[in-house]
Amino acid sequence: MHSFVLIPLVGAGRKTHTYIVDKGEHMPSNFVNSTSYARNLEKSQLGGVIFGCKKNTMSECLSEQIFGLPAPHFSYVKNIDPGLPLFLFNYENKKLYGIFEAAGAGQMNINPYGWTTDGSRRTQYPAQVQIRVRLQCHPLSEEKFKPIIADNYYRYHHFWFELDHAQTSKLMSLFASSPVAPGTSAPENTAKWRTIYQPISLSERRDEGYKPLASEVENHTSCSLNFMNDASSLDGKDKLLENQLNTNIVEQVEKDLTLQQLQGLAPNHEHKGSSLRDCVQGSTAINDMGVEENGSAEEQMGLGEKNEKPYCASFDCQSIIAQLVQGIEELKAFKTEQTVKAYHMEQKLVEAEEQIQQLKNRCMMLESMSNLSFTEISDTASDSFEKLNLDPTKSIYLVGGYDGESWLSALDLYFPLQDVSKSLRPMSTIRSYTSLTQFNDEIYVIGGGIGDSWYATVESYNPANDQWALRPALTRKKGSLGGATLNDKIFVIGGGNGLECFSDVEMLDLDVGRWIPTRSMLQKRFALAAVELNGVLYATGGYDGSNYLRSAERFDPREHCWSRIPNMNTKRGCHSLVVLNEKLYALGGFDGNTMVSSTEIFDPRLSMWMDGEAMNTSRGYSAAAVVDESIYVIGGVKDGEIIVDTVEHFKMGEGWQESRTTRKRCFLSAIVLQ
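My aim in this report is to walk through the structure given alongside it, one point at a time. It should be emphasised that the depicted structure is a prediction, and the values quoted were computed from it without experimental measurement. For every chain, the first residue of its written sequence is number 1, and the numbers climb from 1 along that sequence. Confidence filtering applies because this is a predicted model: local features only for residues at pLDDT of at least 70, side-chain atom pairs given and counted only at 80 or more, and all residues used for totals across whole chains, interfaces and linings. Hydrogens are left out, water is left out, and the side-chain values use all remaining heavy atoms of the structure.

### Quick look at the packing of aromatic side chains
Next up, step 1: Planes of paired rings set the category: under 30 degrees apart is stacked, over 60 is edge-to-face and the rest tilted, where pairs are Phe, Tyr or Trp rings (Trp by its six-membered ring) whose centres lie within 6.5 Å. Per the counting criterion, the structure on display carries 30 aromatic pairs.
Next up, step 2: Between W407 and Y433, the ring centres sit 6.1 Å apart and the planes meet at 50 degrees, which makes this aromatic pair tilted. In this pair, W407 sits in the loop between β14 (396-399) and β15 (411-415) while Y433 sits in the loop between β16 (420-424) and β17 (435-439), placing the two residues 26 residues apart along the sequence. Per residue, the accessibility class of W407 equals that of Y433, and both read buried. Strands here are runs of E lasting at least two residues and helices are runs of H or I lasting at least four, both read from the DSSP assignment and numbered beginning at the N terminus. Each residue gets one of three labels from its accessible area relative to the maximum for its type: buried under 20%, exposed over 50%, partly exposed in between, using a 1.4 Å probe on protein chains only.

Below is the structure:
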């Protein structure tokens, strides 16, 4: 139904998202990161929102009066307030439909099963808003509306959905120039457009023998029935919420019936050809016009009485009016009560959704823990794991990442010589963009995150007992950072949180039991690569919030400061850095325009970078490690929005060789225990 583009790098706005925002075509369309597909407008800056659909989902959008987007778009859908202008873009015919407006606030899972074939699975588009038609107009072709939102296009036919006030005003003016004439059918034979929240007057209901229905009570109260949709997604609490809503509905129906009874108290009081029913309808009309905004009910009735004909000044008519006034005041009190109840129910629903998400994450972790056998074995390997005689010292630990469908908590032991993997106990948290380092024979997994959520948490894995343990958390949330162990201390370098890029360096001293800020780098670096070599820390490349970097620097604890080393020949971010034969190898990455396959070698003794042999595949956000004098580069992302499913290995004198694995994976981390 919808499409969106992931750009896994940070920036404060769309002009600073380089890969990603400026070159969105390079990342897989099923990736998720709010800083890539959104302009990140503040709520006060948001003038309107475009939603997406296709031919087979447009009718449901209009008939159900609800628009939806994938969950990461909630970063701006949550900023939608009632009355905000909305538009609907059909990806297949490239036309924009409008003018709609929000009938409620943007929420998650108003209809948890929308746009599914039979309602048997959860919707893929939970960032939702109820809508109504503001003005039904003929659709606009892309060539007509594209000049108005030209700044939103990051690719020829792909644009951000957030609109500022100026863009919204121009779009609405263009739509208003070609309204659909009253009485004509909806354009292009789509489902019938109907405007919601249109109250039926009491006279219409009585004349048609109307009996109030629960689904129509929402027209008289502020307790929207969209809560019933939300409540249906709660496993343990749905009955309680449903009962509360049913109670509210019954109370409202009783109020409607009371008004009908009041109208029938004096059916025979007619004067001069006009029935008392006319007085009742006149009183009802006063309430529909907004008694509570324009003074008390008594004051409104008093004004009405001055203009009534003599027969409405009779004692009986005055009595009927007084009873109606009392009923109106009761309805006002009831409305206030329902508003308070609706607010509390909304808070409970938000809390319940958070609990459900936590339970889902827990279930995914438990499912992973239950799978202790092989997850991958090459087609040529048919013997059991025990018969392969694998050497644990020639294995690589692979942590977290994304496989094209799910973010992973997985920990796998990969034997590159045999191209065999074994699943180990997964992490307690699903995470990617993390940093790994070895300390006291354990693997420390530091920071990282998924989508637009970033972590400060740290956990360690003990291979001896296949157990995880929580460790002191970082001083703040960050991911795509560097990490290394130096002099029995763990150092975490740079990184970012989706809004900022950091030059910070933190040091974990387990004797103290916490992370301590230490000397910062000379430059901010997000998606950098870092290693330790001969008692010195090296940090290379990355993204500083505006540009991808060639620069590199080193930290010598004897000098207790960072100093620059010669620049690399190529700008690199989301690349890998390993040590082989006392030299640094910078591998692949993104240069600000495209993924690269080039490699560079830094010799500390000569203090210079030299071009190395290029890999067979351009890739970034891969994992790299050295085993048996060979460099292995695993997975990653290459140009063309493709997750890489191959491993390349390099050995001096043999060049790069590529082999295919059975599992796609990117945004992962790798380490070899020494």
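### Details of the environment of P566
Next up, step 1: Inspection of the secondary structure puts P566 in the loop between β30 (561-565) and β31 (576-580).
Next up, step 2: By relative accessible area, which is 31% here, P566 ends up partly exposed.
Next up, step 3: Each C-alpha atom, one on P566 and one on M608, is 6.2 Å from the other, the two residues being 42 residues apart in sequence.
Next up, step 4: Once residues lying within four places of it in the same chain are set aside, the contact partners of P566 are A552, F602, S607 and W609. In what follows, a contact means two residues having at least one pair of non-hydrogen atoms within 4.5 Å.

### Some points on the pattern of salt bridges
Next up, step 1: When a carboxyl oxygen of Asp or Glu lies within 4 Å of a side-chain nitrogen of Lys or Arg, that pair is called a salt bridge. This model, assessed by the stated rule, comprises 19 salt bridges.
Next up, step 2: Among the salt bridges present, the one from D556 reaches R558, with a minimum N-O distance of 2.8 Å.
Next up, step 3: Each member of the salt-bridge network shares a partner with another, and the members are E101, R132 and R134.

### Considerations on helix α6 (residues 165-176)
Next up, step 1: Compared with an ideal rise of 1.5 Å per residue, which puts 12 residues at 16 Å, α6 spans 16 Å between its outermost C-alpha atoms and is within 8% of the ideal.
Next up, step 2: Within the span of α6, buried status applies to Q167, T168, L171, M172 and F175. Looking straight down α6, one finds that the buried residues subtend no more than 130 degrees of arc, so they occupy a single side.
Next up, step 3: On its buried side, α6 packs onto β1 (46-53), β3 (85-90), β4 (95-102), β7 (140-141), α5 (142-145) and β10 (162-164).
Next up, step 4: In protein, a polar contact requires one atom able to donate a hydrogen and another able to accept it; more generally it is a pair of N or O atoms within 3.5 Å, and residues adjacent in sequence count only if both atoms are side-chain atoms. Its side-chain oxygen 3.2 Å from the backbone nitrogen of A166, D164 forms the N-cap of α6. Take the residue count of a helix, subtract one, and multiply by 1.5 Å to get its expected span. What the arc measures is the spread of directions leading from the helix axis to the C-beta atoms.

### Remarks on the sheet that holds strand β39 (residues 646-651)
Next up, step 1: For two strands to count as paired, DSSP must find a minimum of two bridges between them. Strand order across the open sheet formed by four strands is β35-β36-β39-β40, with antiparallel pairing between neighbours. The sheet is open, and its two borders are formed by β35 (623-627) and β40 (655-660), each paired with just one other strand. Across this sheet, the average inter-strand angle for adjacent strands is 20 degrees, counted without regard to direction.
Next up, step 2: By the bridge criterion, five bridges tie β35 to strand β36 (residues 630-634) in an arrangement that is antiparallel. Bridged to A623 within β36 is I634. Axes here mean lines fitted to C-alpha atoms, for a helix over just the part in contact, with angles spanning 0 to 180 degrees between N-to-C directions.

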